[in-house]
Amino acid sequence: MAKKILVVDDELDMRIFISTLLETNGYKPFSAVNGKEGLALARKGRPSLVIMDVMMPRESGITMYRGLKTDPDLRDIPVIMVSALSKKTFFHSQKVLDDYKGEKIPEPAAYIEKPPEAEELLNAVRICLK
Amino acid sequence: MKTKNRQILLVDDEEGIRKVLGISLADSGYHVVTAANGEKALALFKNMDSPIVLTAIKLPGMAGIQLLRKIKKDSPDTEVIMITGRGDMELAIQSLKFGAVDFITKPLNDDVLQIALKRAKEKIFYRETVRDYTENLEQLVYEKTKKLLQTERLAAVAQTVSAMAHAIKNITGGLTGGAFVLEKGLELENKKYLDQGWDMLKRNVERVKQLALDLLNYTKEREPDYQLCDPNQPIQEVYQLMLPYATEYSVALEVDLDTKLPDAWFDPERINRCLLNLVTNAIDACTDISCNHRQGKVSLRSLRRKNFAVEYEICDNGCGMDEETKAKIFQQFFSTKGSQGTGLGLMITHKIVDEHRGVIECSSELGKGTTFVIRLPVRE
């Protein structure tokens, strides 16, 4: 059965692009437009993988990511970050938040800077779902 | 001290004094020129313009005080030391009032003379230093400003280029994605992909077009294309255009227009652009992470204001701005919208309102919301 992948991005273009890429490669994508909806859909849809943006309105990817990783039912789902934020900035923000909250959140399985290349993203997906 | 400053004009009618004092001063390193009376002294002074004059207060012919006043009048920077007799205290004090730097009394004591000379030299030195500073300050300010302007211009160019690169990179992402989806549609003969890919391409081509237009609008100095129209027309158009966008982000968009506004002269296309920018910003402010606890609301109003053709008011209850942000909003390429913002919107809005000789005002409170007001003047 096709593996379900949750795509979370506020940009319509990005959702369509990633969904099409996944669909045409035998996966079953479903999407959310912000972190809040993303977390709710992750609980409901139980995806094998989450591909998400960091900077989104309503609830940011940073909050959603921590939500995923601190939920015992969801923490094992691999996450690929796709963001316009540089990798360095993102990892720095994670470290600061870890220190602040006194918890250690694991790093995402992959981090891809926007705009994502089809092959790069697909490779990351394949590695995560191996 | 400069060579010129080592010159002293010594004026005394007593030859003995001229000789003794002359030797003493020459020993201290001064170049001494002597005169026996005021008239001679004045004639010499006009040629040599020495910084220090040492003169007896009592002279035959022109009195020492008179000489002092003439020198101070022609050359206020020259310091004059008076040589007085024991009974000349009144005259000595008077000479100070006329600008003498000091006076020494006969019989002359070398230490007292040196102190008086030192005082004169210090006065000259301070005055010259202050003058140097003042003159150089102008030069310094000029040079620093020039340098600063160059740096700022370079920084502005770098900022512009970087903002453009960012905006273009973003759109390129959309175009590449659109092409990918379209190709899949063609490859798999899938109608959904074809439609979606085609829409993406169109959307991003439109974004490139808007970006180019925005840049042109900003760089080009041009008079508005004035037309007589209903001031409610552009705000209605913007409302219709933005309603789906607001709904998508569950922001309530409201419109309240004064339908009795008379037609006015303005450039409808450009005013539309201004209002569109403000409404887009207002909706974006309501979808900010910090506002997810309340229902976002944006209201558009048109109203009559005394001395103006129309007042537009765009009010939101979104994230608002702190003072620091508010101070920067009309600046070049300043954006709070991360990858989505080019920082052109408000800059252009401001420019268009300026070109209409209108007024744009912004009031905002962090966490409460923002209100923008545009007033357009009456034109005949």
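Structure's up top.
Per chain, residue numbering runs from 1 following the sequence as it is written. Each chain gets a letter, beginning with A, and each ligand a number, beginning with 1, in the order they are written. It should be noted that, the model being predicted, local features are given only for residues of pLDDT at least 70 and side-chain atom pairs only at 80 or more, the latter also being counted only at that level, while totals for whole chains, interfaces and linings use all residues.

## Comments concerning the overall build of chain A
Then step 1. The helix and strand labels rest on DSSP assignments: H or I over at least four residues marks a helix, E over at least two residues marks a strand, and numbering proceeds from the N terminus. Scanning chain A from terminus to terminus reveals five helices and five strands.
Then step 2. From first element to last, N terminus to C terminus, chain A shows the α and β order β-α-β-α-β-α-β-α-β-α.
Then step 3. Note on burial: count the other C-beta atoms lying within 10 Å of the residue's C-beta; 20 or more is buried, 12 or fewer is exposed, in between is partly exposed, and C-beta positions come from the backbone. Out of the 130 residues in chain A, the part that is buried amounts to 42%.
Then step 4. Placing a C-beta atom from the backbone of each residue, one calls two residues in contact when those atoms lie within 7 Å. If you take every contact in chain A between residues at least 6 apart in sequence, the share linking residues at least 24 apart comes to 68%.

## Some points on the interface of chain A and chain B
Interface extent is often summarised as the accessible area lost during association of the parts.
Then step 1. On the side of chain B, 19 residues touch chain A, which itself brings 16 residues to the contact.
Then step 2. Residue contributions to the side of chain A that touches chain B peak at six residues, all from helix α1 (residues 12-23) of chain A.
Then step 3. Nonpolar residues are Ala, Val, Leu, Ile, Met, Phe, Trp, Tyr, Cys and Pro. Charged residues are Asp, Glu, Lys and Arg, and all others, Gly as well, are polar. Here the side of chain A that touches chain B is composed, by residue class, of nine nonpolar, three polar and four charged.

## Digging into the sheet that holds strand β11 (residues 359-365) of chain B
The strands making up a sheet are joined through hydrogen bonds of the backbone, oriented either antiparallel or parallel.
All names here are of chain B.
Then step 1. Sheet architecture is open: five strands sit in the order β7-β9-β10-β12-β11, paired in mixed fashion. Looking at strand neighbours, the two that pair on one side only are β7 (251-257) and β11, the edges of this open sheet. The average undirected angle you get between the axes of adjacent strands in this sheet is 10°. Strands are labelled as partners when DSSP assigns at least two bridges between them. Geometry is summarised by axes, namely lines fitted to C-alpha atoms with helices restricted to the contacting stretch, and by angles between N-to-C directions that run from 0 to 180 degrees.

## Some remarks on the pairing of strand β9 (residues 296-303) of chain B
Residue and element names in this part refer to chain B.
Then step 1. By the alternation rule, side chains of β9 split into G296, V298, L300 and S302, which are all buried, and K297, S299, R301 and L303, of which none is buried.
Then step 2. As paired elements, β9 and strand β10 (residues 308-316) share six bridges and run antiparallel to each other. Counterpart to R301 in the pairing with β10 is E313.
Then step 3. In this structure, the hairpin formed by β9 and β10 is closed by a connection of four residues, where N307 is found at a positive phi of approximately 70°.

## Some details on the sheet that holds strand β1 (residues 7-11) of chain B
Residue and element names in this part refer to chain B.
Then step 1. Spatially, β2-β1-β3-β4-β5 is the arrangement adopted by the five strands of the open sheet, whose pairing is parallel. The sheet is open, and its two borders are formed by β2 (31-35) and β5 (102-105), each paired with just one other strand. The mean angle between the axes of side-by-side strands here comes to 20°, regardless of whether they run parallel or antiparallel.
Then step 2. Bridge count between β1 and strand β3 (residues 52-56): four bridges; the pairing is parallel. The residue of β3 that forms the bridge with V11 is T55.

## Looking at unusual backbone geometry
Then step 1. A cis amide bond links K114 of chain A to the next residue, P115 of chain A, at an omega of -5°.
Then step 2. Positionally, P115 of chain A belongs in the loop between β5 (110-113) and α5 (118-128).
Then step 3. In this model, K106 of chain B is joined to P107 of chain B through a cis peptide bond whose omega is -5°.
Then step 4. Mapping P107 of chain B onto the fold places it in the loop between β5 and α5 (110-188).
Then step 5. Its identity is not glycine, yet E189 of chain B carries a phi of approximately 50°, on the positive side.
Then step 6. Its place among the elements puts E189 of chain B in the loop between α5 and α6 (191-219).
Then step 7. Taking the C-beta count within 10 Å as the criterion, E189 of chain B has 8 such neighbours and is therefore assigned exposed.
Then step 8. Residue S250 of chain B is not a glycine yet carries a positive backbone phi of 45°.
Then step 9. Along the chain, S250 of chain B turns up in the loop between α7 (232-248) and β7.
Then step 10. Here S250 of chain B falls in the exposed class, since 11 other C-beta atoms lie within 10 Å of it.

## Considering the environment of M48 of chain B
All names here are of chain B.
Then step 1. Relative to the helices and strands, M48 is located in helix α2 (residues 38-48).
Then step 2. A residue is classified by how many C-beta atoms lie within 10 Å of it, and M48, with 13 of them, is partly exposed.
Then step 3. Placed 41 residues apart in sequence, M48 and Q7 show a C-alpha to C-alpha distance of 8.4 Å.

## Quick word on the packing of helix α2 (residues 35-45) of chain A against helix α3 (residues 61-70) of chain A
All names here are of chain A.
Then step 1. It is at 8 Å that the axes of α2 and α3 come closest, and there the two elements cross at 20°. For the element pair α2 / α3, the angle class is roughly parallel. The way α2 lies across α3 gives a crossing that is right-handed. Between α2 and α3, the residues in contact are G35, G38, L39 and A42 and G61, T63, M64, G67 and L68, respectively.
Then step 2. Across the contact of α2 with α3, the residue classes tally to four nonpolar, five polar and no charged. Should an angle fall under 35 degrees it is taken as roughly parallel, and over 145 as roughly antiparallel, whereas 65 to 115 is taken as roughly perpendicular and any remaining angle as oblique. By the definition used in this description, the sense in which the near helix is turned from the far one sets the handedness, with an anticlockwise turn below a right angle giving left-handed and a clockwise turn giving right-handed.

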